[in-house]
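Structural overview
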Amino acid sequence: MRIFLDTANTDELRQGVKWGVVSGVTTNPTLIAQEGNKEYQSVVQDICAIVNGPVSAEVVVEGVEAMLEQARTLASWHHNVVVKIPATPEGLEVTSILAKEGIKVNLTLCFSPNQALLAALAGATYVSPFVGRLDDIGQDGMLLVKSIIEMFKYYSYSTKVIAASIRHPMHCLAASQVGADIATIPFKVLKQMIKHPLTEDGNARFLSDWQRVSGKNNL
Ligand code: E4P
């Protein structure tokens, strides 16, 4: 399973990329807005300059024609831009047109296996089931990811499944255990994943024990 960062913050992204484990980024209008009054295009292009992988940027208009126009503009910003389109009837139409033009789509706000099936048939490159938001309303979000993966296994769809709306390290682990292609995670979760108190205690102990004999060793 690959890891994308779900962020529009370039400081977080630089750190994640330095660790060598982040191979893409997803943004959404909320994450872009959290970066203040910066220009959408410059935020996306800054992100593209940091990570050499897919960067999802969402359309922020309604209506097929307006979405198509904006999607083409977003895609023109950088060759790694993947256009995020909501899993609505209009979004489906837009996705199938963009797919024929060779523009990559991440069908977002996916909350049912049927929406994922339609994403694959429309030619979306990615589909993003939202785990945390289903958990929030008392449904098992990871079950949705599992159902989609199992369904896709019967056929040869090239659409990749991004486990999205990841809220904690257990979500990320569970996504890998159900076979998600990608988990897109907040930077906070990435930091939590590497942290373990026994690693920290053990490392401190090894280093202090080494001090007692370090004089006899030339390293
Ligand atoms: C994914 O592409 C979305 O940007 C994101 O995962 C949404 O997460 P949230 O439900 O925590 O806002």
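Before going into details, it helps to say that this report is about the structure given with it. Model, not experiment: these values are computed from the prediction. (Residues numbered from 1 in each chain as written. Predicted model: local features only at pLDDT ≥ 70, side-chain atom pairs only at ≥ 80, totals over all residues. Heavy atoms only, no water.)

Looking now at the overall build of the protein. Each helix and strand counted, the protein has 11 helices and 8 strands in total. Across its three principal axes, the protein shows a C-alpha extent of roughly 75 × 40 × 30 Å. Considering only intrachain contacts with a sequence separation of at least 6, the fraction spanning at least 24 residues in the protein is 57%. Of the accessible surface of the protein, which amounts to about 11,700 Å², a share of 53% is contributed by carbon and sulfur atoms. (Helix = DSSP H or I, 4+ residues; strand = E, 2+ residues; numbered from the N terminus. Contact = heavy atoms within 4.5 Å. Areas by Shrake-Rupley, 256 points an atom, 1.4 Å probe, with all protein chains shown as cover.)

Before going further, it helps to examine the site of the ligand. Within the structure, the ligand sits among D6, T26, N28, K84, F130, R133, A164, S165 and R167. At a separation of 2.6 Å, an oxygen atom of the ligand approaches a polar side-chain atom of R133. In this structure, S165 approaches the ligand through a side-chain N or O atom, which is 2.6 Å from an oxygen atom. With the chains in place, 86% of the 340 Å² that the ligand exposes on its own is no longer accessible. Of the residues belonging to the shell around the ligand, the class tally is 2 nonpolar, 3 polar and 4 charged. (Near = heavy atom within 4 Å. Polar contact = N/O pair within 3.5 Å; in protein donor to acceptor, adjacent residues only side chain to side chain. Nonpolar A, V, L, I, M, F, W, Y, C, P; charged D, E, K, R; others polar.)

Another aspect to go through is the side chain of E58. The residue E58 is located in strand β3 (residues 55-58) in this model. Using a relative accessible area of 8% as the deciding quantity, one classes E58 as buried. Setting aside anything within four residues of it in sequence, one finds E58 in contact with T27, N28, P29, Y40, L74, K84, T108 and L109. (Buried < 20%, exposed > 50% of the residue type's maximum accessible area, 1.4 Å probe, protein only.)

Spatial strand order, β1-β2-β3-β4-β5-β6-β7-β8: 8 strands in a closed barrel with parallel pairing. Geometrically, the sheet is characterised by an average inter-axis angle of 30 degrees between neighbouring strands, direction not taken into account. Here strand β6 (residues 126-129) pairs with strand β7 (residues 160-163) via 2 bridges, running parallel. Considered in β7, the bridge of V127 is made with V161. (Pairing = 2+ DSSP bridges. Axes fitted to C-alpha atoms, helices over the stretch in contact; angles between N-to-C directions.)

On to the nonpolar core. One finds I85, V145 and I185 to be the most contacted residues of the largest nonpolar core, which totals 60 residues. The element contributing the most residues to this core is helix α8 (residues 141-154), with 7 residues. Once you skip the residues sitting within four places of it in the chain, V145 turns out to touch P129, V131, V161, A163, V178 and A180. F4, Y126, I162 and I182 belong to the second largest nonpolar core, which has 5 residues in total. (Core = buried A, V, L, I, M, F, W, Y, C linked by side-chain atoms within 4.5 Å.)

This part is about the packing of helix α1 (residues 10-18) against helix α3 (residues 40-50). Remark: α1 packs on α3, axes separated minimally by 10 Å, with the N-to-C direction vectors making an angle of 15 degrees. In this view, α1 runs roughly parallel relative to α3, as classed from their interaxial angle. Viewed along their axes, α1 and α3 form a crossing whose handedness is right-handed. Residues T10, L13, R14 and V17 of α1 form the contact with α3, whose own contacting residues are D46, I47 and I50. Considering only residue class, the contact of α1 with α3 consists of 4 nonpolar, 1 polar and 2 charged. (Parallel < 35°, antiparallel > 145°, perpendicular 65-115°, else oblique. Left-handed = near helix turned anticlockwise from the far one by under 90°.)

Just geometry here; none of it tells us what the structure is for.
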